[in-house]
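Reading the structure
The chain contents come next:
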Amino acid sequence: QVQLVESGGGLVQPGGSLRLSCAASGSIFSINTMGWYRQAPGKERELVATITRGGFINYAYSVKGRFTISRDNAKNTVYLQMNSLKPEDTAVYYCNVNFASWGQGTQVTVSS
């Protein structure tokens, strides 16, 4: 069973930055795609960004130019650098592996 542990969430003012980390562990045969999803209050979960083992990256249009996803394959860890944060970025952010396994989520709140 794969286990994902997110960290780095918190409270930040609009325009600020935050860096999320997600470390994968457990019985993982192969990790191809890692990514971040988020769910705001009253809304459904949506894709934020994904990155394949080979480095192919996909971003949601709403975060392009502001967020950067990266990964360290040796550490089985994926990161999400979030800059120029907006109040609408407020959500619980979830780490995902191979479009299947999920972390418990970390709260990101952007507010004045």
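Report on the accompanying structure. Within each chain, residue numbers correspond to sequence positions counted from 1 in written order. Local features in this predicted model are restricted to residues whose pLDDT is 70 or higher, and side-chain atom pairs enter the listing and the counts only when it is 80 or higher, whereas totals over whole chains, interfaces and linings include all residues. To get the side-chain values, all heavy atoms of the structure are used, and hydrogens and water are removed first.

Here the focus is the sheet that holds strand 8 (residues 77-82). Taken in spatial order, the four strands line up as 1-3-8-7 in an open sheet, and their pairing is antiparallel. Each edge of the open sheet carries a strand with a single partner, namely strand 1 (2-7) and strand 7 (67-72). Taken over all neighbouring pairs, the strand axes of this sheet differ in orientation by 15° on average, direction set aside. Think of it this way: DSSP has to see at least two bridges between two strands before they count as a pair. Secondary structure is summarised from DSSP: a helix means a run of H or I of at least four residues, a strand means a run of E of at least two, and numbering begins at the N terminus for each. Pairing geometry for strand 7 and strand 8, over six bridges, is antiparallel. Bridging from a neighbouring strand, Ser70 pairs with Tyr79 of strand 8. For helices, the fitted line uses only the C-alpha atoms of the stretch in contact; every axis is such a line through C-alpha atoms, and the angle between N-to-C directions lies from 0 to 180 degrees.

Now for the pairing of strand 11 (residues 106-110). The alternating pattern of strand 11 places Thr106, Val108 and Val110 on a buried face, while none of Gln107 and Thr109, on the opposite face, is buried. Of the pairings in the sheet, the one linking strand 2 (residues 10-12) to strand 11 comprises three bridges and is parallel in character. Each residue of the ladder has a partner; that of Leu11, found in strand 11, is Thr109. As paired elements, strand 9 (residues 91-97) and strand 11 share three bridges and run antiparallel to each other. Within strand 11, the residue paired with Val92 across the bridge is Gln107. Partly exposed describes any residue whose relative accessible area lies between the buried limit of under 20% and the exposed limit of over 50%, with all areas from a 1.4 Å probe on protein chains only and scaled to the type maximum.

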